[in-house]
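Descriptive structure summary
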Amino acid sequence: MRPAVRAGFALAFAFITGCASYRPQPISPAENARALESRSLDDERLRRFIAAGVSLRGETARPVYWNLESLSLAALYYHPDLDLARARLAAARASITTVRQVPNPLLDLGLTYNATTATPSAWTVGLMVNFIIETFGKRAYRTAEAQFLAEAAKDDLAGATWLVRAKVRDAMLLLWSGNERLARTRQRLSEQEALVRLIERRFELGGASSLEVTRERMNRNQVSLAVREAERQVREGRARLGQAVGIPLGSLDGAKISLEDFAAETGPGDVSDGALREKALSTRSDVQSLLAEYNAAQAALQLQIARQYPDLRIGPGYTYDQGDHKYDLRLGSELPVFNQNQGPVAQAEARREEVAARFSALQAQVIGAIDEAFTSYRSATEARRTADASAAEARKRLEGVRRGFNAGQFDRPTLVGAQIELSAAELSTVDAMAAERRAIGLLEDALHLPLFGAKSPLPIEERNPRLAVEFRR
């Protein structure tokens, strides 16, 4: 077999074996919906994933309770926003392979038959291979741009991870405040009903007017509505928590949810020294993502400038011309006569300026968010102190009324009224505590710094944990 023929077979074999094959993966809406509906906190792989990421009270089996940290890890396992961010990261990394590829050569095959002669042969056969040689580092600039975009996609995954935790935190905070309000309003309703019965009894004995009875009944109805509102808040908190984790609401039934992270006193510390502000302005995932995008825009501009200079084309060839063997070598290049790539260069420059403006706007937004969140926290803290003082004063009055009641100085309606006053003050304290914790949550989001629960950030899962063979930390 001639060397040329062997080379042809080798090229054909390499082409066939190097090609990817198509594998269909159809999506069934019904099956996909069933898979989503079947998600549960009792999943065995989820338990192993959490055991690999955090030790809950020294246990490695199913957690006895679900707190902010373990539910955030469950959200890392289930939430679809992270699946989307991982898919975008995989696509960005796949583009690096694309831009690194060396351009394939072009094969030209010509066949001519000369009908006027048959000696020594009527056929002319030509074979030409054209190689493209990229100049001025174009492939390196393309690769750098794709690598920076992949870095941006990884930072976007980190940002999506933070947002998922923030949604879990907000849902649990809503559930905590709802539970606290529900307990206080139910207690107040019980006390208000007792007061209504006492006033009604006094009215029957002629010691109270119908206006007093009507007033206390209206107060009872208002407290009853407050109980219903607190119950609605608890149901909404549970629904938001299921959505934040990425599981159906029914999967939370029977789960022991711990809200101790929000009941415990916590605070952001002192950010007035600027250390946390400076860190947020340089290390937040969205800041890092835009910085990588800016570097990608610079590489894109370098690429367009390099494209002002044409690539080279080298074409070695062979021609069998009616019995004669001819060897050719052709050199070619694009002639930059009508344009020198000015348009794409201008677009790349404008794109770089746009990303730079977005970067400055983002940092200004972060500064504003930190200032707003910390100001809100200070205001909420002052309101909390006022509410605590009011509750302490109401508690002191109740103790005095109780001593007077035991001594026969006050009647029972007066004692129940003092108890209602304390319940109302404690409810105001709960509202102030909830506002304070919401402000801490805003500061968490502004700084991208965990202040509730575990102080270490969540891991960035670049692989889908539901598909991973093993979990490593």
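In case you missed it, the structure is sitting above this.
A few points on the structure. Quick caveat, the model's predicted, so the values are computed rather than measured. (Residues numbered from 1 in each chain as written. Predicted model: local features only at pLDDT ≥ 70, side-chain atom pairs only at ≥ 80, totals over all residues. Heavy atoms only, no water.)

**Comments concerning the side chain of Asn130**
Filter applied, for reference: Comment: elements are numbered from the N terminus, with helices defined as DSSP H or I runs of at least four residues and strands as E runs of at least two. By the criterion applied in these results, polar contacts are pairs of N or O atoms within 3.5 Å in which, for protein atoms, one can donate a hydrogen and the other can accept it, and in which residues neighboring in sequence qualify only through two side-chain atoms. Note on definitions: a residue-residue contact is assigned when non-hydrogen atoms from the two residues lie within 4.5 Å.
Residue placement: Asn130 occurs in strand S2 (residues 123–133). Reaching out from Asn130, the side chain makes a polar contact with the side chain of Asp108 at a distance of 3.1 Å. If near-sequence neighbours (up to four positions away) are discounted, Asn130 is found in contact with Pro105, Leu106, Asp108, Ile314 and Gly315.

**Details of the packing of aromatic side chains**
This is how the line gets drawn: Each aromatic pair joins two rings of Phe, Tyr and Trp (for Trp, the six-membered one) with centres within 6.5 Å, and gets the label stacked for planes under 30 degrees apart, edge-to-face for over 60, and tilted for any other angle. Residue exposure (1.4 Å probe, protein chains only): buried if accessible area is under 20% of the type maximum, exposed if over 50%, otherwise partly exposed.
Counted under the stated rule, the structure contains six aromatic pairs. Here the aromatic rings of Tyr318 and Tyr327 are separated by 5.3 Å at their centres, their planes lie at 50°, and the arrangement is tilted. We classify Tyr318 as partly exposed; its relative accessible area is 26%. The exposure class assigned to Tyr327 is exposed, which follows from its relative accessible area of 65%. Three or more aromatic residues joined by ring pairs make a cluster, and in this case those are Phe49, Tyr77 and Tyr78.

**Quick look at the nonpolar core**
Where we set the bar: Among buried residues, the Ala, Val, Leu, Ile, Met, Phe, Trp, Tyr and Cys ones that are joined through side-chain atoms within 4.5 Å form a nonpolar core.
Ranked by size, the top nonpolar core spans 67 residues in total, and within it Leu41, Leu46, Trp66, Leu71, Val168, Met172 and Leu241 carry the most contacts. Contributions of two or more residues to this core are made by helix H3 (44–53), helix H4 (68–78), helix H5 (80–100), helix H6 (138–204), helix H7 (210–245), helix H10 (285–306), helix H11 (342–406) and helix H12 (412–447). Ranked by residue count, the leading element in this core is H6, at 14 residues. When near neighbours in sequence (up to four residues on either side) are disregarded, Leu41 contacts Leu46, Arg47, Trp66, Leu71, Ala74, Ile247, Ser251, Leu252 and Ala255. Of all hydrophobic cores here, the second largest spans eight residues; its members include Ala394, Val401, Leu422 and Ala425.

**Overview of the layout of surface pockets**
Defined as follows: With a 1 Å grid spanning the protein atoms alone, the term cavity applies to any set of points in which a 1.4 Å probe fits but cannot get out, the term pocket to an open set with protein on both sides within 12 Å along at least five of seven lines, and the term lining residue to any residue with an atom within 4 Å of a point. Grid points are joined across faces, edges and corners, and a volume is the space filled by probe spheres set on the points. Residue type decides the class: Asp, Glu, Lys and Arg count as charged, Ala, Val, Leu, Ile, Met, Phe, Trp, Tyr, Cys and Pro as nonpolar, and the leftover types, Gly among them, as polar.
Approximately 440 Å³ is the volume found for the second largest pocket. Listed by contribution, the elements that provide at least two residues to the lining of the second largest pocket are H6 and helix H9 (275–283). Tallying contributions element by element places H6 first for the lining of the second largest pocket, with six residues. Looking at the lining of the second largest pocket, its residues break down into 10 nonpolar, four polar and six charged.

**Brief notes about the sheet that holds strand S3 (residues 312–321)**
Put simply, the rule is: Following DSSP output, two strands are said to pair if at least two bridges run between them. A fitted line through C-alpha atoms represents every axis, and for helices the fit uses only the stretch in contact; the resulting angles, taken between N-to-C directions, go from 0 to 180 degrees.
Ordered by their spatial adjacency, four strands build an open sheet running S1-S2-S3-S4, and the pairing between neighbours is antiparallel. In the strand order of this sheet, the two ends are held by strand S1 (106–113) and strand S4 (324–333), each with one partner. On average, each strand axis in the sheet is inclined to that of its neighbour by 15°, with strand direction left out of account.

**Quick look at the environment of Arg188**
If you trace the backbone, Arg188 turns up in helix H6. Taking the C-alpha atoms as reference points, Arg188 and Ile420, separated by 232 residues in sequence, lie 6.0 Å from one another.

**Concerning the side chain of Gln304**
Along the chain, Gln304 turns up in helix H10. By relative accessible area, which is 14% here, Gln304 ends up buried. If sequence neighbours within four positions are ignored, Gln304 has contacts with Asn341, Pro344, Val345 and Ala348.

**Digging into the pattern of salt bridges**
The test is simple: Throughout this description, the term salt bridge denotes a Lys or Arg side-chain nitrogen within 4 Å of a carboxyl oxygen of Asp or Glu.
Counting across every chain of the model gives 36 salt bridges. Linking Arg165 and Glu444 is a salt bridge whose minimum nitrogen-to-oxygen distance equals 3.0 Å. Of the two residues, Arg165 sits in helix H6 while Glu444 sits in helix H12, which places them 279 residues apart along the sequence. Each member of the pair, Arg165 as well as Glu444, carries the same accessibility label: buried. Here Arg351 and Glu293 are joined by a salt bridge, their closest N and O atoms 2.6 Å apart. Residue Arg351 is found in helix H11, and its partner Glu293 is found in helix H10; the two are separated by 58 residues along the sequence. In this structure Arg351 comes out as partly exposed when scored by relative accessible area, which is 36%. When salt bridges that share partners are traced, they join Arg165, Arg169, Asp170, Glu444 and Asp445 into one network.

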